[in-house]
Amino acid sequence: MNEKVALITGSSRGLGEVLARRFWVAGYSLCLIARSEVGLNKLVSTLPENKLQKVISFVCNLDDQAQVTELTVRVRENFSALDVLINNAAIHGPMGHLSDNDFSLWRQTIQVDLFAPVFLCHSFVPWMKETGGGSIINLSGGGATGPRPYFSAYATAKAGLVRFSETLAEETKPYGIRINCIAPGAMKTALLGEILEKGAAFAGQHEFALANKVFTEGGALMENVADLALFLASDASKGITGKLISVAWDDWEHWHEHLDDLSSSDVYTLRRIVGRDRGFIWGDK
Ligand SMILES: NC(=O)c1ccc[n+]([C@@H]2O[C@H](COP(=O)([O-])OP(=O)(O)OC[C@H]3O[C@@H](n4cnc5c(N)ncnc54)[C@H](OP(=O)(O)O)[C@@H]3O)[C@@H](O)[C@H]2O)c1
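Procedures and definitions
Residues numbered from 1 in each chain as written. Predicted model: local features only at pLDDT ≥ 70, side-chain atom pairs only at ≥ 80, totals over all residues. Heavy atoms only, no water. Helix = DSSP H or I, 4+ residues; strand = E, 2+ residues; numbered from the N terminus. Rg over C-alpha atoms; globule rule 2.2 N^0.38 Å. Buried < 20%, exposed > 50% of the residue type's maximum accessible area, 1.4 Å probe, protein only. Contact = heavy atoms within 4.5 Å. Areas by Shrake-Rupley, 256 points an atom, 1.4 Å probe, with all protein chains shown as cover. Lys, Arg positive; Asp, Glu negative; His and termini not counted. Charge placed at Lys NZ, Arg CZ, Asp CG, Glu CD. Near = heavy atom within 4 Å. Polar contact = N/O pair within 3.5 Å; in protein donor to acceptor, adjacent residues only side chain to side chain. Nonpolar A, V, L, I, M, F, W, Y, C, P; charged D, E, K, R; others polar. Domains from an automatic or database assignment. Core = buried A, V, L, I, M, F, W, Y, C linked by side-chain atoms within 4.5 Å. Axes fitted to C-alpha atoms, helices over the stretch in contact; angles between N-to-C directions. Parallel < 35°, antiparallel > 145°, perpendicular 65-115°, else oblique. Left-handed = near helix turned anticlockwise from the far one by under 90°. Pairing = 2+ DSSP bridges.

> Hey, could you run me through the overall build of the chain in this one?
The secondary structure content of the chain amounts to ten helices and seven strands. For 285 residues, the compact-globule estimate of 2.2 N^0.38 gives 19 Å, and the chain sits close to it at 19 Å. Within the chain, buried positions represent 48% of all 285 residues. In the chain, the share of contacts with a sequence separation of at least 24, taken over all contacts with a separation of at least 6, comes to 69%. In the form shown here, the chain has an accessible surface area of approximately 14,400 Å², with 54% of it arising from carbon and sulfur atoms. Across the chain, the mean location of the 27 positive side-chain charges is 1 Å away from that of the 32 negative side-chain charges.

Put into structure tokens, the structure is as follows:
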């Protein structure tokens, strides 16, 4: 049997749960990770029966490095290869002015949203190399491509994760490992609901109004995010690596027709904008 395995962090609810269900239906065996055993068990027990695939869930707090290290060992003991790694789990961390943030929560956000995904790549890339390649998908988020006031920890982690992905993509190209980031858009999940709970005084009026709009009118569809993730996991996306892809705005379905442009340019990456990019000639020496 040619088993394909996908590891998805943060699969006890929200986008991670939708990704898990879609990858299962697409024929992947699953390695599911979250803190909530109840959430993971509920997901596993409601997956359509399929004796050809296997699903194993691991309770792990990504904020605890010892648990993350232990996790990487247990994953390797239970699967013979890893085809897809999706770093989906994330927390907003502290909202509000930096000076008012509890710094231990700031640090925790960097651990969960940046160091844990980096560590999983550090552990699993050699395994992917040994087994002939793979696809890593990292979830970006608000603040990765522009300032996100009152969410400094989250924005810093997500910008770091995108730059890390671009960098590792260059290092792993020769080994058939692709690394891309997905910008999913604002989705109606617990993460966004937290902004409504905290209120405009912490999250800022702009973020509060956006979250409110998503909860009343509906937001980005998680099924569409799963479509892009499945594309990036599959051979159809061969040649696409180091990119930050927006589910809503980018015509990724047709990108395989433009592989030369994609690989020979810096489109869909994080770059510095200079004066001439905005029509200001005074900025050039
Ligand atoms: N929702 C949005 O509008 C939005 C927008 C842009 C980007 N994103 C990104 O999309 C991804 C999914 O977000 P979501 O909206 O689905 O969030 P969510 O509903 O809050 O789900 C987050 C998942 O991460 C897990 N998680 C949180 N802390 C963890 C920890 N310390 N250790 C292990 N697992 C942990 C949670 O499970 P447990 O609580 O069981 O641990 C849960 O399964 C995130 O990377 C987020 O940054 C979301």
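That covers the picture; the talk isn't over yet.
> Would you explain the site of the ligand in this entry?
Neighbouring the ligand are 31 residues, the closest being Arg-35, Asn-88, Tyr-154, Met-187 and Thr-189. Measuring from an oxygen atom of the ligand, one finds a backbone N or O atom of Asn-88 at 2.6 Å. Leu-191 places a main-chain nitrogen or oxygen 3.4 Å from an oxygen atom of the ligand. Only α1 (14-25), α5 (152-172) and α6 (190-198) provide two or more residues apiece to the shell around the ligand. For the shell around the ligand, the element with the highest residue contribution is α6, accounting for three residues. Broken down by class, the residue content of the shell around the ligand amounts to 16 nonpolar, eleven polar and four charged. Inspection of the shell around the ligand shows a minimum of three residues originating in each of domain 1 (5-185 + 222-269) and domain 2 (189-219).

> Can you walk me through the side chain of Glu-207 in this structure?
Structurally, Glu-207 is set in helix α8 (residues 205-217). A distance of 2.8 Å separates polar atoms of two side chains, one belonging to Glu-207 and the other to Arg-148. The residues touching Glu-207, leaving out its near neighbours within four places in the chain, are Arg-148, Phe-151 and Ile-195.

> Whenever I open this one, the nonpolar core confuses me. Can you help?
The tendency in soluble globular proteins is for nonpolar side chains to be buried as a group. Ranked by internal contacts, the top residues of the largest apolar core, which has 36 residues, are Phe-23, Tyr-28, Leu-30, Val-84, Ile-86, Ile-182 and Leu-228. Among the elements of the structure, β1 (5-9), α1, β2 (29-34), α2 (37-45), β4 (84-87), β5 (134-139) and α9 (222-233) are those that each provide at least two residues to this core. The leading source of residues in this core is α9, at nine residues.

> Which parts of the structure should I look at to understand the side chain of Thr-109?
Within the fold, Thr-109 resides in helix α4 (residues 103-130). Excluding its chain neighbours within four sequence positions, the residues that come into contact with Thr-109 are Ile-91, His-92, Gly-93, Pro-94, Leu-114, Ala-153, Tyr-154 and Ala-157.

> Explanation requested: the packing of α6 against α8 in the structure shown.
In helix packing, the relevant descriptors are the interaxial angle and the interaxial distance, both defined with respect to the helix axes. Close contact between α6 and α8 brings their axes to 9 Å; oriented N to C, the two are set at 125°. Taken together, the axes of α6 and α8 lie oblique to each other. Helix-helix and strand crossings are classified by hand; for α6 and α8 the assignment is left-handed. Contacts between α6 and α8 involve Leu-192, Gly-193, Ile-195 and Leu-196 from the former and Glu-207, Phe-208, Ala-211, Asn-212, Val-214 and Phe-215 from the latter. Grouping the amino acids of the contact of α6 with α8 by side-chain chemistry returns seven nonpolar, two polar and one charged.

> Just to check I follow, could you spell out the sheet that holds strand β3 (residues 55-59) for this structure?
Backbone hydrogen bonds hold the strands of a sheet together, and the pairing may be parallel or antiparallel. Spatially, the seven strands line up as an open sheet ordered β3-β2-β1-β4-β5-β6-β7, and their pairing is parallel. The open sheet terminates on both sides in strands that have one partner only, identified here as β3 and β7 (244-246). Neighbouring strand axes in the sheet, compared pairwise and without regard to direction, differ in orientation by 20° on average. For β2 and β3, the ladder comprises five bridges, and the chain directions are parallel. Along β3, the bridge assignment pairs Cys-31 with Ile-56. Contacts from α9 reach β4, β5, β6 (177-183) and β7, with the element oriented near 170° to β6.

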